[in-house]
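What follows is each chain in one-letter form.
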There are 2 protein chains.
Amino acid sequence: MLKGIDPRLNADVLYALRAMGHGDVLAVVDMNFPAAAIASKTAYGELLRMENLTAGDALEAILSLMPLDTFVSDFAARMEASGDASKVAGVQVEAQAAIDAAEGRPRPMGSVGRFDFYDKAASAFAVLQTGERRFYGCFLLRKGVIEPGV
Amino acid sequence: MLKGIDPRLNADVLYALRAMGHGDVLAVVDMNFPAAAIASKTAYGELLRMENLTAGDALEAILSLMPLDTFVSDFAARMEASGDASKVAGVQVEAQAAIDAAEGRPRPMGSVGRFDFYDKAASAFAVLQTGERRFYGCFLLRKGVIEPGV
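None of these values were measured; they are calculated from a predicted model.

Procedures and definitions
- Residues numbered from 1 in each chain as written.
- Chains lettered and ligands numbered in written order.
- Predicted model: local features only at pLDDT ≥ 70, side-chain atom pairs only at ≥ 80, totals over all residues.
- Heavy atoms only, no water.
- Pairing = 2+ DSSP bridges.
- Helix = DSSP H or I, 4+ residues; strand = E, 2+ residues; numbered from the N terminus.
- Axes fitted to C-alpha atoms, helices over the stretch in contact; angles between N-to-C directions.
- Buried < 20%, exposed > 50% of the residue type's maximum accessible area, 1.4 Å probe, protein only.
- Lys, Arg positive; Asp, Glu negative; His and termini not counted.
- Salt bridge = Lys/Arg side-chain N within 4 Å of Asp/Glu carboxyl O.
- Polar contact = N/O pair within 3.5 Å; in protein donor to acceptor, adjacent residues only side chain to side chain.
- Contact = heavy atoms within 4.5 Å.
- Expected span 1.5 Å × (residues − 1).
- Buried area = accessible area lost by both parts, 1.4 Å probe.

**Observations regarding the sheet that holds strand 3 (residues 76-79) of chain A**
All names here are of chain A.
Next, step 1: Pairing is mixed across the open sheet formed by 6 strands, whose spatial order is 2-5-1-6-3-4. Since the sheet does not close on itself, it has two edges, and those belong to strand 2 (48-50) and strand 4 (110-112), each with one partner. Averaged over all pairs of adjacent strands, the angle between strand axes in this sheet comes to 25°, irrespective of strand direction.

**Topic: the side chain of R78 of chain B**
Residues and elements named next belong to chain B.
Next, step 1: Secondary-structure assignment places R78 in strand 3 (residues 76-79).
Next, step 2: Summary of buried charges: R78 has no salt-bridge partner, and the nearest side chain of opposite charge, E80, is 5.8 Å away.
Next, step 3: A polar contact is formed between the side chain of R78 and the backbone oxygen of K87, at a distance of 3.2 Å.
Next, step 4: Residues contacting R78, with those up to four places away along its chain left out, are A85, S86, K87, V88, Q92, M109, G110, S111, V112, C138 and F139.

**Here's the deal with helix 4 (residues 90-103) of chain B**
Given 3.6 residues to a turn, an α-helix orients residues that are three or four positions apart in the same direction.
All names here are of chain B.
Next, step 1: The end-to-end C-alpha distance of helix 4, which contains 14 residues, comes to 20 Å, matching closely the 20 Å that a straight helix rising 1.5 Å per residue would cover.
Next, step 2: Looking at the buried residues of helix 4, the elements they touch are helix 3 (55-63), strand 3 and strand 6 (139-142).
Next, step 3: Once helix 4 finishes, G104 follows within two positions and takes phi at roughly 75°, a positive value.

**A few points about the interface of chain A and chain B**
The parts lose accessible area when they come together, and the size of an interface is often stated as this lost area.
Next, step 1: Residue-level contacts link 23 residues of chain A with 23 residues of chain B.
Next, step 2: In total, chain A and chain B occlude about 2100 Å² of area from one another, counting both sides; carbon and sulfur atoms represent 63% of this.
Next, step 3: Contact with chain B buries surface across chain A, with M1, K3 and R18 of chain A losing the most and accounting together for 37% of the total.
Next, step 4: Summed over the shared surface of chain A and chain B, the number is 0 salt bridges.
Next, step 5: Connecting chain A to chain B are 10 residue pairs in polar contact (both at pLDDT 80 or more).
Next, step 6: The leading source of residues in the side of chain A that touches chain B is helix 1 (residues 11-19) of chain A, at 7 residues.

**A look at the sheet that holds strand 2 (residues 48-50) of chain B**
Residue and element names in this part refer to chain B.
Next, step 1: Strand order across the open sheet formed by 6 strands is 2-5-1-6-3-4, with mixed pairing between neighbours. One side of each edge strand has no neighbouring strand; the edge strands of this open sheet are strand 2 and strand 4 (110-112). When strand polarity is set aside, the average angle formed by the axes of neighbouring strands in this sheet is 25°.
Next, step 2: Here 3 bridges tie strand 2 to strand 5 (residues 126-130), and the two strands are oriented parallel to one another. When the sheet's bridge partners are listed, M50 is paired in strand 5 with T130.

Below, the structure written as structure tokens:
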């Protein structure tokens, strides 16, 4: 483990978060997601794992290090429920809370349909699978920047 | 880059620091060291790089995350100058200052002879080469632990 680093972030995840640059996307997905298959199409090429954690807990750890994009409106998105795009599942409420806490202000995420999400995940930098078992525990996070002197 | 992480720590270095456990050694070496050859014998197997940095600056960044071992006396060591084991080179004074600053107290490092250093680096977790050009800018750092709740 390391000083001041959330121990839920394993070595592979640390590598990927640091290797990402401005605008790169991390897809954080649940246990039903076709994660290994889609991860194989990404720049990173392998599936990252944060096992036995809810989506909200994983996002809390990830966002303790990763800045979200402040240049665009699609800095984060949830997967829409089939047949009810406006429904926000409980797991998504928890994810939104993790985003708001990390950003220090309410920053509502957007949403994308299931198959659009698959496409966006395939063109992401990497796919990270959590231990989340609730449906629609799938999110896209777009990396922001760190200003000089911070 | 990442929130609160020294940007001098690249993705490979972050991976290795996180992957190391208690007692594992990181060899931080200068530009004349046979770094690639000896790195090939380590557990990590590839040479880590922090280019264009002095040894002191590299140690400052590394030790911002990596705890030093508090269970043993050989938590850190410098390479001894040939023919004058007691001589502490300027580059080694800077490294000691980085260690003391990270530990919050004076913690004098030990020393090992050149060929003993080669052996110890080969059995280290990884070898990391800095941009240090001054002779004897070579150090062994042994990883410590993070207590629960910290």
